[in-house]
Amino acid sequence: MKSNPLTPFLFLIPGVIILGAFIFYPMLNAIWLSFTDYNIVADAEFIGLENYKELFADALFWKVLGQTLLYLIIVVPALVILPIFLAILVNQQVKGIGFFRSAYYVPVVTSMVVVGIAWKWVYADRGILNYILESFGLIDEPINWLTSTSTSIFAVMVVTIWKGLGYYMVIYLAGLQSIPDDLYEAADIDGATKWKQIWHITVPLLMPSIMIVTIMSSISAMKVFEEIYVMTGGGPLNSSKTLVFYIYEEAFDKLQMGYASAAGVVLFVITLIFSVINIKFMSKKESDIKG
């Protein structure tokens, strides 16, 4: 019986409908709104590029964009490198290792609201972090981690990294378990140290996983919001505010939906550019290693 060539496309229809309803339509609608003056109450009025002109003339926009890129520069390398060592640690065949794998993954499944509140206690003036630092004589007086313009965003970065470690650890762990043990045994016979084995065997063979983690962590860093909302509210003096938080304020506090949509389009373009660069760079590195 001859099969119908249109059959495969019938199976794609449900997915296309879902993507269209929840991804493509909102995206296209946001692009349209970015060219309008829209505040929910009144109908959208087309104003051309005025939102973009106002956006690029706003000093606060450039400030939060710089802080977003700073978040990207610090958080992404940490979430690419640290989980590799964590995955190597929990990849050992020792008794009870399953407990440690689960323990490291607990922050991932914990609500960001709960995590944010818990870390606010850690960062409090009389919190455990200041207590430990004072006990070891590293500081003379408590540091205002979340209420100082010089430390607030870095304090939130630590929380983002801490919460994401377990998630990316699992991705690396899956990659590690696909590496043949024969390679490490041969390296042992040749006298290679553990560090050389990691650098010349583990890292090259983990390149596909590293590329996935780099792209995913970059996108996550660009759209960070919850921890900032819970821990600092973007303050003090906008020092911990990122682009997504800026969009949220413009859209839901000031009801400037058109202006917020323009900022959202800019965020989309920047994220797309970084994703393409990551894919190109990591693909080149992978081909160089294989070559």
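Engineer: For this particular structure, what's the right way to read the packing of helix H5 (residues 112–123) against helix H6 (residues 128–135)?
Structural biologist: Two packed helices can be described by the angle between their axes and the distance between those axes. Two numbers describe how H5 lies on H6: the axes approach to 4 Å, and their chain directions differ by 30 degrees. Taken together, the axes of H5 and H6 lie roughly parallel to each other. Facing H5, whose interface residues are Trp121, Val122 and Tyr123, H6 presents Ile128, Leu129 and Asn130. Among the residues forming the contact of H5 with H6, the class breakdown is 5 nonpolar, 1 polar and no charged.

Engineer: Please explain the pattern of salt bridges as it appears in this structure.
Structural biologist: Oppositely charged side chains can form a pair if their charged atoms are brought close together. Per the counting criterion, the structure on display carries 4 salt bridges. Lys53 serves as the salt-bridge partner of Glu50, at 3.7 Å between the closest nitrogen and oxygen. Highlighted residues: Glu50 and Lys53, both in helix H2 (residues 50–56), separated by 3 residues, approximately one helical turn. Judged by relative accessible area, Glu50 falls into the partly exposed class, the value being 40%.

Engineer: Explanation requested: unusual backbone geometry in the structure shown.
Structural biologist: Negative phi characterises most residues that are not glycine, and trans characterises most peptide bonds. The omega torsion of the bond from Gly235 to Pro236 falls at -5 degrees, within 30 degrees of zero and hence cis. The backbone of Asn238 shows a phi angle near 65 degrees, a positive value even though the residue is not glycine. With respect to the element layout, Asn238 can be found in the loop between helix H11 (226–231) and helix H12 (243–253). A relative accessible area of 27% places Asn238 in the partly exposed class. Despite not being glycine, Leu255 has its phi angle at roughly 60 degrees, a positive value. On the secondary structure map, Leu255 appears in the loop between H12 and helix H13 (257–290). Taking the relative accessible area as the measure of exposure, Leu255 reaches 33% and is therefore partly exposed.

Rules behind the numbers
- Residues numbered from 1 in each chain as written.
- Predicted model: local features only at pLDDT ≥ 70, side-chain atom pairs only at ≥ 80, totals over all residues.
- Heavy atoms only, no water.
- Axes fitted to C-alpha atoms, helices over the stretch in contact; angles between N-to-C directions.
- Helix = DSSP H or I, 4+ residues; strand = E, 2+ residues; numbered from the N terminus.
- Parallel < 35°, antiparallel > 145°, perpendicular 65-115°, else oblique.
- Contact = heavy atoms within 4.5 Å.
- Nonpolar A, V, L, I, M, F, W, Y, C, P; charged D, E, K, R; others polar.
- Salt bridge = Lys/Arg side-chain N within 4 Å of Asp/Glu carboxyl O.
- Buried < 20%, exposed > 50% of the residue type's maximum accessible area, 1.4 Å probe, protein only.

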